[in-house]
Amino acid sequence: MHILITGGAGFIGSHLVDLHLARGDKVHVVDDLSTGQRSNLAHHDDNANLRFDEADILTWPQLDRAVAWADRIYNLAAVVGVYRVLAEPTKVLAVNIAACERLLRAAREGGWQPQVVLASSSEVYGHNDEDILHEDQDLVVSTRAGTRWNYSVSKIADEALGLSYAQRFGIPAVVSRFFNTVGPRQVGRYGMVLPRFVSQAVRNEPITVFGGGLQTRSFCDVRDTVVALDALATAVGRGTMVANVGNDREISIIELARLIIERSGSRSEIKHVGLREAYGEDFEDIRRRRPSLNRLRDKTGFQHLYPLERTIDDLVAIERARLQEERDGHCTLVRTQSERAA
Ligand code: UDP
């Protein structure tokens, strides 16, 4: 198969690259490296089946050609992460909506109708307070908190675009609502809780739990996420579907902090940080978020292979190795300086 992945050097995208290259597919990645990293794909540098273009899909002149080449397109290029979304409210809308629209337009005009897999998010459920979130429930976007909901709005727009192009022009569209994807290559810079807690635990620094920590999330290992996503796209085929993709085990953020401390043997203490201090004035956190996976399971029979404990253990090992490298680098520097002094 020919696979085009926008945002393919990012966290989820690079795992999709791994999956498709392992299967012998040809993969074309386009990424502007705003949050993605070339190093996420470095282990494929010798693979002739991977092509990489550093470009912004809003302006990339070769988009039409790349779209015409593809059997399946994953649209993962997006401004993500709470901190980045709060800092760049206009960019979130521009990149997340306009890029998706440009991609779908290219698919329509190409004459050939590739399957389009659109990355949406559990954020579209907004303030929907149901215990379990089903795909056909209402999406409840708050009018409070200013631009905090721009990401949610942008993903609702992407969903509407995908479903409209499917209905009007027959482009097969799979909309995947990701629920808190976690795992190797995710960075904590833009807010994501798991890499932040693991980094703090490994360094024996205070674990920063925002608010009371009773808010819950359901974390899914990215290595499960990409298998589920591919299975879903394959099963849906030329049809169209919106589906939750995640893991339905729910855990509170305070329990998560304790679990990470326990599994890493850390001496970290838990430090509560007020939401205002963490995110600024205009912020509303979500109380709970747990997906119904009935649709995904009915369609694909998907079963998870990575429990949260395994993800944490892997991330702790990776972070320890990184810390060691930092220390070795530092020691080398110190030695070099003292050598110079001598
Ligand atoms: N969170 C936290 N400490 C951190 C980062 C995040 O307690 O250092 C909380 C955050 O307030 C939220 C949860 O962890 O309740 C998940 O945050 P994340 O940004 O990973 O995902 P999202 O809020 O989009 O589900």
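Scroll up to find the structure this text is about.
Residues numbered from 1 in each chain as written. Predicted model: local features only at pLDDT ≥ 70, side-chain atom pairs only at ≥ 80, totals over all residues. Heavy atoms only, no water.

(A) Local environment of the overall build of the protein. A tally of regular secondary structure across the protein gives 11 helices and 13 strands. Relative to the compact-globule value of 20 Å for 342 residues, the protein shows a C-alpha radius of gyration of 21 Å, a close match. Counting only C-alpha atoms, the protein reaches 70 × 50 × 40 Å along its principal axes. In the protein, buried positions account for 52% of the 342 residues. Only carbon and sulfur atoms are counted for the fraction: they give 49% of the accessible area of the protein, which is about 15,300 Å². Charged side chains in the protein number 42 positive and 46 negative. The centres of these two groups are separated by 1 Å. (Helix = DSSP H or I, 4+ residues; strand = E, 2+ residues; numbered from the N terminus. Rg over C-alpha atoms; globule rule 2.2 N^0.38 Å. Buried < 20%, exposed > 50% of the residue type's maximum accessible area, 1.4 Å probe, protein only. Areas by Shrake-Rupley, 256 points an atom, 1.4 Å probe, with all protein chains shown as cover. Lys, Arg positive; Asp, Glu negative; His and termini not counted. Charge placed at Lys NZ, Arg CZ, Asp CG, Glu CD.)

(B) Expanded view of the sheet that holds strand 1 (residues 2-6). Overall, parallel pairing links the seven strands, which are arranged 3-2-1-4-5-6-11 in an open sheet. Unpaired on one side and paired on the other, strand 3 (50-54) and strand 11 (241-245) mark the two borders of the sheet. Neighbour to neighbour, the strand axes of the sheet diverge by 20 degrees on average, direction disregarded. The pairing of strand 5 (residues 115-121) with strand 6 (residues 173-178) spans six bridges and is classified as parallel. Its bridge partner being in strand 6, Leu118 is matched across the sheet by Val175. Along the sheet face, helix 5 (residues 150-169) touches strand 5, strand 6 and strand 11 and points at about 155 degrees away from the line of strand 5. (Pairing = 2+ DSSP bridges. Axes fitted to C-alpha atoms, helices over the stretch in contact; angles between N-to-C directions. Contact = heavy atoms within 4.5 Å.)

(C) Just the side chain of Asn244, in detail. Its place among the elements puts Asn244 in strand 11. With residues near it in sequence (within four places) discarded, Asn244 still touches Tyr125, Leu133, His134, Glu135, Arg177, Phe179, Pro291, Ser292, Leu293 and Leu296.

(D) Just the packing of aromatic side chains, in detail. According to the stated counting rule, one finds three aromatic pairs in the structure shown. Note on Tyr125 and Phe179: the rings are 5.9 Å apart at their centroids and 45 degrees apart in plane angle, and the pair reads as tilted. Placement of Tyr125 in the loop between strand 5 and helix 5 and of Phe179 in the loop between strand 6 and strand 7 (181-182) is noted, with a sequence separation of 54 residues between them. Here Tyr125 and Phe179 have matching classes, each one buried. (Phe/Tyr/Trp six-rings, centres within 6.5 Å; stacked < 30°, edge-to-face > 60°.)

(E) Spotlight on the nonpolar core. With 33 residues, the main nonpolar core has Ile5, Val17, Val27, Tyr74, Leu76 and Leu232 as its most contacted residues. It is helix 7 (residues 222-236) that contributes the most residues to this core, seven residues altogether. Ala55, Ala99, Ala106 and Leu118 belong to the second largest nonpolar core, which has 24 residues in total. (Core = buried A, V, L, I, M, F, W, Y, C linked by side-chain atoms within 4.5 Å.)

(F) Structural context of the site of the ligand. As a matter of local geometry, the ligand sits amid 16 residues, with Arg196, Thr208, Arg217, Asp285 and Arg289 nearest to it. Take Thr208: an N or O atom from its main chain is 2.7 Å from a nitrogen atom of the ligand. Note that an oxygen atom of the ligand is positioned 2.6 Å from one of the side-chain N or O atoms of Arg217. Of all the secondary structure elements, the ones that give two or more residues to the shell around the ligand are helix 6 (193-202) and strand 8 (207-210). Here the shell around the ligand is composed, by residue class, of eight nonpolar, four polar and four charged. (Near = heavy atom within 4 Å. Polar contact = N/O pair within 3.5 Å; in protein donor to acceptor, adjacent residues only side chain to side chain. Nonpolar A, V, L, I, M, F, W, Y, C, P; charged D, E, K, R; others polar.)

(G) Here's a closer look at the side chain of Ser292. In this fold, Ser292 is placed in the loop between helix 9 (275-279) and helix 10 (294-300). Here the side chain of Ser292 touches His134 through a polar contact of 3.3 Å, side chain to side chain. At 3.4 Å, the side chain of Ser292 and the backbone nitrogen of Asn294 are in polar contact. If sequence neighbours within four positions are ignored, Ser292 has contacts with Ile132, Leu133, His134, Glu135 and Asn244.

(H) Broad picture of the environment of Ile171. Tracing the sequence through the fold places Ile171 in the loop between helix 5 and strand 6. Sequence-wise, Ile171 and Ala107 are 64 residues apart; in three dimensions their C-alpha atoms are separated by 7.5 Å. Non-local contacts of Ile171, meaning those with residues more than four positions away in its chain, are made with Leu104, Ala107, Arg108, Gln113, Pro114, Val116, Tyr165, Ala166 and Thr240.

(I) How the structure looks around unusual backbone geometry. In the Ramachandran plot, Asn180 falls in the positive-phi region, its phi being about 35 degrees despite a non-glycine side chain. Among the secondary structure elements, Asn180 is positioned in the loop between strand 6 and strand 7. The phi angle at Arg185 is positive, at roughly 80 degrees, despite the residue not being glycine. Inspection of the secondary structure assignment puts Arg185 in the loop between strand 7 and helix 6. Taking the relative accessible area as the measure of exposure, Arg185 reaches 28% and is therefore partly exposed.

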